[in-house]
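Topology and contacts: notes
In case you want the letters, here they are:
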Amino acid sequence: MTLFDCDYAAARSVPSPNHGERAGGRSPDMIILHYTGMETAASALNWLCREESQVSCHYFVHEDGRIDQLVSENRRAWHAGRSSWKGETDINSASIGVEIANPGHPGGLPDFPVAQIEAVAELCRNCGDRWSIAPERVLAHSDVAPIRKVDPGEKFPWKWLHQQGVGHWVEPTEIRGGRFFQRGDEGQPVEALQSMLSLYGYATEITGIFNDKTEGDVAAFQRHFRQAQVDGIADMSTIDTLHRLLSALPSFSV
Ligand SMILES: [Zn+2]
């Protein structure tokens, strides 16, 4: 157990033994948001602080907005597992991991209480300012580990957080009819979709074949950016939302 001073003034120190060196002394430039997916916050916190679990996070946000810090920000917490973003695969070395107490899909996906989400917003703004983290690098665990992970889930209030200055977001395009692409489809439009997902950061393989992986990446995208329907089918609303999201990036150029 390593004692440390909290990097975030509002946090209480609750040390976890599960951490290591950030590879190459890398500084964090991403924030990964999770839900705990366990019945109670107490059991989740207990698990994250036990050596045998081999998992941890930097911050743990309770339902009432209280925040515990488990791992010092300059250390590598073990929250993302096998994951990838923009070609980088050691997401733990690159990120600050935030666990948000919520029973998640196994518990029927209850709403995130307002006090809790306000605390998440404040924490992300604070970390974002101190580490100069770009808004588009505040991501869901499901973004960096599609298929394998679905947290913090399609009810997570990304739009509200964006209004509070956290994360990158555009209003999703209305769902209506028109052409769509799904598993088994092939060709140039599928390749174009895969290229856009890859350009945004997803580890999508550009093959021109809409395979299981593409479907999982589309579902992950929807879970974050087009939450009304998460089905892995690239309808016009999904594709247009992705295109506008890319266009809204400060770094985007055609
Ligand atoms: Zn997670």
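Rules used throughout
- Every chain is numbered on its own, with residues counted from 1 as its sequence reads.
- Given that the model is predicted, a residue must reach a pLDDT of at least 70 before its local features are reported, and side-chain atom pairs must reach 80 or more before they are shown or counted; all residues, however, enter totals for whole chains, interfaces and linings.
- Where side-chain values are given, they derive from all heavy atoms of the structure, hydrogens and water being excluded.
- Residues belong to one nonpolar core when they are buried, are Ala, Val, Leu, Ile, Met, Phe, Trp, Tyr or Cys, and are joined through side-chain atoms within 4.5 Å.
- Relative accessibility decides the category of a residue: with a 1.4 Å probe and only protein chains considered, values under 20% of the type maximum give buried, values over 50% give exposed, and everything between is partly exposed.
- Helix and strand assignments come from DSSP, with helices taken as H or I runs of at least 4 residues and strands as E runs of at least 2, each series counted from the N terminus.
- Pairs of residues are marked as contacts when any of their non-hydrogen atoms sit within 4.5 Å.
- Only nitrogen, oxygen and sulfur atoms count as donors, using a 2.8 Å cut-off from the metal that widens to 3.2 Å for Na, K and Ca. Water is left out, so coordination shells may look unfilled.
- One bridge is not enough; two strands pair if DSSP finds at least two bridges between them.
- Axes here refer to lines fitted to C-alpha atoms; in helices the fit is confined to the stretch in contact. Angles between the N-to-C directions go from 0 to 180 degrees.
- Delimitation of the domains relies on an automatic or database domain assignment.
- Buried area is a sum: the accessible area each of two parts loses on coming together, probed at 1.4 Å, counted once for each and added.
- Should a side-chain nitrogen of Lys or Arg be within 4 Å of a carboxyl oxygen of Asp or Glu, the pair is scored as a salt bridge.
- For this analysis, a polar contact is any N or O atom pair within 3.5 Å, provided that within protein one partner can donate a hydrogen and the other can accept it, and provided that sequence-adjacent residues contribute only side-chain to side-chain pairs.

Some points on the nonpolar core
- Membership of the largest hydrophobic core comes to 55 residues, with the highest contact counts inside it found for Ile31, Leu33, Tyr59, Val98 and Tyr200.
- For this core, the element with the most residues is helix 3 (residues 114–131), which contributes seven residues.
- Leaving out residues up to four positions away in the same chain, Ile31 has contacts with Ile96, Val98, Cys124, Cys127, Gly128, Ile133, Arg137, Val138 and Leu139.
- In this structure, Ala41, Leu70, Val71 and Ala77 belong to the second largest nonpolar core, which totals 12 residues.

Section: the coordination of the zinc ion
- Protein-derived coordination of the zinc ion comes from His34 (ND1), His141 (ND1) and Asp151 (OD), at a distance range of 2.1 to 2.2 Å.
- All donors of the zinc ion come from a single chain, and their spacing in sequence reads H-x106-H-x9-D. Linking His34 in strand 3 (residues 30–35) with His141 in helix 4 (residues 141–144), this pair joins segments that are 107 residues apart in sequence.
- For His141, a relative accessible area of 3% translates into the label buried.

Observations regarding the sheet that holds strand 7 (residues 95–100)
- Strand order in this open sheet of six strands is 1-5-4-7-3-8, and the pairing throughout is mixed. The sheet terminates laterally at strand 1 (12–13) and strand 8 (138–140), the two strands that pair on one side only.
- Where strand 3 meets strand 7, six bridges bridge the pair, whose relative direction is parallel. Within strand 7, the residue paired with Ile32 across the bridge is Gly97.
- Seen against the sheet, helix 3 touches strand 3, strand 4 (59–61), strand 5 (67–69) and strand 7 and runs at an angle of roughly 155° to strand 4.

A few points about the domain arrangement of the chain
- What the domain assignment lists for the chain is domain 1 (12–163) and domain 2 (188–248).
- Listed as interface residues are 18 residues of domain 1 and, on the opposing side, 14 residues of domain 2.
- Interface of domain 1 and domain 2: buried area, both sides summed, is about 1,200 Å²; carbon and sulfur atoms make up 58% of it.
- The largest share of the area that domain 1 buries against domain 2 comes from Trp85, Asp143 and Glu154, three residues that together contribute 36% of it.
- Between Arg223 and Glu154 there is a salt bridge, and its shortest N-O distance comes to 2.7 Å.
- Across the contact surface, domain 1 and domain 2 share seven residue pairs in polar contact (both at pLDDT 80 or more).
- Breaking the side of domain 1 that touches domain 2 down by element, the ones donating at least two residues are strand 8 and helix 4.
- Ranked by residues supplied to the side of domain 1 that touches domain 2, first place goes to strand 8 with three residues.

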